[in-house]
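Structural overview
These are the residues of each chain, in order.
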Amino acid sequence: MKKIISLILSLSLLLCLTACGQEGTKANEYKIYYLDTESSRLVEEKYTTSQDRQDIISVIKDLIGQINNPKNDKVLSPIDDGIEIIDYQIKENQLSLYFSAGYNNKSGVDEILSRAAIVKTLCQLKEIQYVDFYVEDQPLVLSGNTVGLMSDNSFVDELNPSDATTTKEVALYFATVDGKSLQEVRKEISYNAAEPLAKLLVETLILGPNHLDNVNIKSRQTIPEDTVLNTVTIRDNVCYLDLSREFKNQIQGLQASVTVYSIVNTLCELSNINMVQFTVEGEQEEYYGDLEGFNMPLERNLDLVIN
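Residues numbered from 1 in each chain as written. Predicted model: local features only at pLDDT ≥ 70, side-chain atom pairs only at ≥ 80, totals over all residues. Heavy atoms only, no water.

**Observations regarding the packing of aromatic side chains**
So the rule is basically this: Pairing of aromatic rings covers Phe, Tyr and the six-membered ring of Trp, with a centre-to-centre limit of 6.5 Å; geometry is then stacked below 30 degrees between planes, edge-to-face above 60, and tilted otherwise. Strands here mean DSSP runs of E at least two residues long; helices mean DSSP runs of H or I at least four residues long; both are numbered from the N terminus. Only protein chains enter the accessibility calculation, which uses a 1.4 Å probe; a residue is then buried when its area is under 20% of its type maximum, exposed when over 50%, and partly exposed in between.
For the coordinates displayed, the defined rule picks out nine aromatic pairs. Residues Phe-247 and Tyr-288 carry aromatic rings whose centres are separated by 4.6 Å and whose planes lie at 25° to one another, so their mutual orientation is stacked. Here the residue Phe-247 occupies a position in the loop between strand E13 (238-243) and helix H5 (256-267), and Tyr-288 occupies one in strand E15 (residues 287-288), the gap between them amounting to 41 residues. For the pair Phe-247 and Tyr-288, a shared accessibility class is recorded, and that class is buried. Residues Phe-278 and Phe-294 carry aromatic rings whose centres are separated by 4.9 Å and whose planes lie at 25° to one another, so their mutual orientation is stacked. With Phe-278 in strand E14 (residues 275-280) and Phe-294 in the segment after strand E16 (291-292), the pair connects residues that are 16 residues apart, well separated along the chain. On the basis of relative accessible area, Phe-294 is assigned to the buried category, the value being 1%. Put simply, the rings of Phe-247, Phe-278, Tyr-288 and Phe-294 pair up and form one aromatic cluster.

Printed below as a string of structure tokens:
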């Protein structure tokens, strides 16, 4: 009987090791994303790394090496000659890549596709959900906005990504008629996949509920209509917003907390944002109206939301 049990255990162990070996082989397979020779679309090639998948640093170095040196002359590396990744840092599930100054010379479709190729390659690692880019020691800025965190879903692989759109259902928080509470408005929106969704949401709040089609809920605008969103940056799950001075012109009959948390609650619906940090014309303000602590990162406040 002991021999039979021993044999069963041995067979079970062998099957387990075989399965683990098969899983390991599969886990070591990746897609390396390149650009086609016209820099008009992404091209993927399968690659199996020899690095231990538990050693994430070695795997990242290996994947970056493959990105830099395509073996197929029908594809281009998304990292141009004269541009180097000079450093990288990992914090929780985020990978920060630091590029040499030459990255600032990239623009347009080529830049978007190059960025997409790098992010989509590295986000295959289970430990990496988000990637952000730095040039030297400064966050990557495009068209006056900080790019911030990117994930595998941040890009649409189209011939002209600047025109590529995607749709998503979002939650927007507007004021109730009495100006004392917030109510959720769910809306499916179409947006440019190359632009930060957080930026679009804040700009939609600025426009107000009257600009939304097919919304029957009676609600009020929460942000002064002349407000301009200067910059939006997402780092470490904190969204940093800088607004123009018009934001300080509070809407009459609206509680300060309703205005502030209409933004915070809306942005915190996004998976990569847990808190919002405000500045006005680059300066922190301790108070917004009678709301204290406006200079601190703010978490969502569902107590203001009516059912």
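**Brief notes about the environment of Arg-41**
Residue position: Arg-41 is located in the loop between strand E1 (29-36) and strand E2 (42-48). Each C-alpha atom, one on Arg-41 and one on Asp-110, is 8.9 Å from the other, the two residues being 69 residues apart in sequence.

**Side note on the sheet that holds E13**
Definition in use: Any two strands with at least two DSSP bridges between them are considered paired. Interaxial angles span 0 to 180 degrees and are taken between N-to-C directions of axes, which are lines fitted to C-alpha atoms, for helices over the stretch in contact. Residue contacts are defined here by distance: any two heavy atoms, one from each residue, within 4.5 Å place the two residues in contact.
Strand order in the open sheet made by the three strands is E12-E13-E14, with mixed pairing throughout. Bordering the open sheet on either side are strand E12 (229-235) and E14, each of which pairs with just one other strand. Strand after strand, the sheet turns through a mean of 15° between neighbouring axes, direction not considered. Where E13 lies against E14, six bridges are found, and the strand directions are parallel. Within E14, the position partnered with Leu-243 by the bridge is Val-280. Seen against the sheet, helix H4 (residues 197-207) touches E12 and E13 and runs at an angle of roughly 140° to E12.

**A word on the nonpolar core**
Nonpolar side chains tend to gather and get buried jointly when the protein is soluble and globular. Stated formally: Nine residue types can take part in a nonpolar core, namely buried Ala, Val, Leu, Ile, Met, Phe, Trp, Tyr and Cys, and a core is a set of them joined through side-chain atoms within 4.5 Å.
Counting residues in each nonpolar core, the largest one holds 47 residues, and the members touching the most others are Leu-241, Val-260, Ile-263, Leu-267, Ile-273, Val-276 and Phe-278. Of all the secondary structure elements, the ones that give two or more residues to this core are strand E10 (165-175), strand E11 (182-192), H4, E12, E13, H5 and E14. Among the elements that take part in this core, H5 stands out by supplying seven residues, more than any other. Counting 39 residues, the second-largest nonpolar core is a separate cluster that includes Ile-32, Tyr-34, Val-59 and Ile-128.

**Details of unusual backbone geometry**
Backbone geometry at Glu-92 places phi at a positive 55°, although glycine is not the residue there. Of note, the phi angle at Glu-281 is positive, near 50°, even though the residue is not glycine. Its location among the elements puts Glu-281 in the loop between E14 and E15. The exposure class assigned to Glu-281 is partly exposed, which follows from its relative accessible area of 35%.

**Observations concerning empty space enclosed by the protein**
Short version of the rule: Every definition here rests on a 1 Å grid over the protein atoms only: cavities are sets of points where a 1.4 Å probe fits but cannot get out, pockets are open sets enclosed by protein on both sides within 12 Å along at least five of seven lines, and lining residues have some atom within 4 Å of a point. Grid points are joined across faces, edges and corners, and a volume is the space filled by probe spheres set on the points.
As enumerated under the stated definition, the model contains one cavity of 30 Å³ or more in all. For the largest cavity, the calculated volume is near 50 Å³. As for the largest cavity, its lining consists of Asp-132, Phe-133, Tyr-134, Pro-139, Leu-140, Thr-146, Val-147, Gly-148, Thr-233 and Arg-235. Going through the elements one at a time, strand E6 (130-135) and E12 are the ones with two or more residues in the lining of the largest cavity. Examining the composition of the lining of the largest cavity, we find that three residues originate from one element, E6, more than from any other.

**Some remarks on the packing of H4 against H5**
Quick note on the threshold: The crossing is said to be left-handed when, going from far helix to near helix, the turn is anticlockwise and less than a right angle, and right-handed when the turn is clockwise. Put simply, Ala, Val, Leu, Ile, Met, Phe, Trp, Tyr, Cys and Pro go in the nonpolar bin, Asp, Glu, Lys and Arg in the charged bin, and everything else, Gly too, in the polar bin.
In contact at an axis separation of 10 Å, H4 and H5 are set at 150° when each is read in the N-to-C sense. At the point where H4 passes H5, the crossing takes the right-handed sense. Contact residues: H4 offers Ala-198, Leu-201, Val-202 and Leu-205, while H5 offers Ser-262, Ile-263, Thr-266 and Leu-267. Along the lines of polarity and charge, the residues of the contact of H4 with H5 split into six nonpolar, two polar and no charged.

**What about the pattern of salt bridges?**
The line we're drawing: Note on definitions: salt bridges are taken to be side-chain nitrogens of Lys or Arg within 4 Å of carboxyl oxygens of Asp or Glu.
Here the structure, examined in full by the defined rule, presents 11 salt bridges. Across the pair Lys-31 and Glu-44 runs a salt bridge whose closest N-O atoms are separated by 3.6 Å. Taken as a pair, Lys-31 in strand E1 and Glu-44 in strand E2 lie far apart in primary sequence, 13 residues in all. By relative accessible area, Lys-31 is classed as partly exposed at 33%.

**Focus: H4**
Of all the 11 residues making up H4, eight are buried; the element is thus mostly covered by neighbouring parts of the structure. For H4, the set of buried residues is Leu-197, Ala-198, Lys-199, Leu-201, Val-202, Thr-204, Leu-205 and Ile-206.

**So, the sheet that holds strand E3 (residues 75-76)**
Pairing within the open sheet is antiparallel, and its three strands lie in the order E2-E1-E3. Edge positions in the sheet fall to E2 and E3, since each of these pairs with one other strand and no more. Pairing between E1 and E2: seven bridges, direction antiparallel. Bridged to Tyr-34 within E2 is Val-43. Across the face of the sheet, helix H2 (residues 56-68) comes into contact with E1 and E2 while running at roughly 30° to E1. Of the strands in this sheet, E1 and E2 touch helix H3 (residues 108-122), which is tilted by about 175° from E1.

Nothing here speaks to function; it is all geometry.
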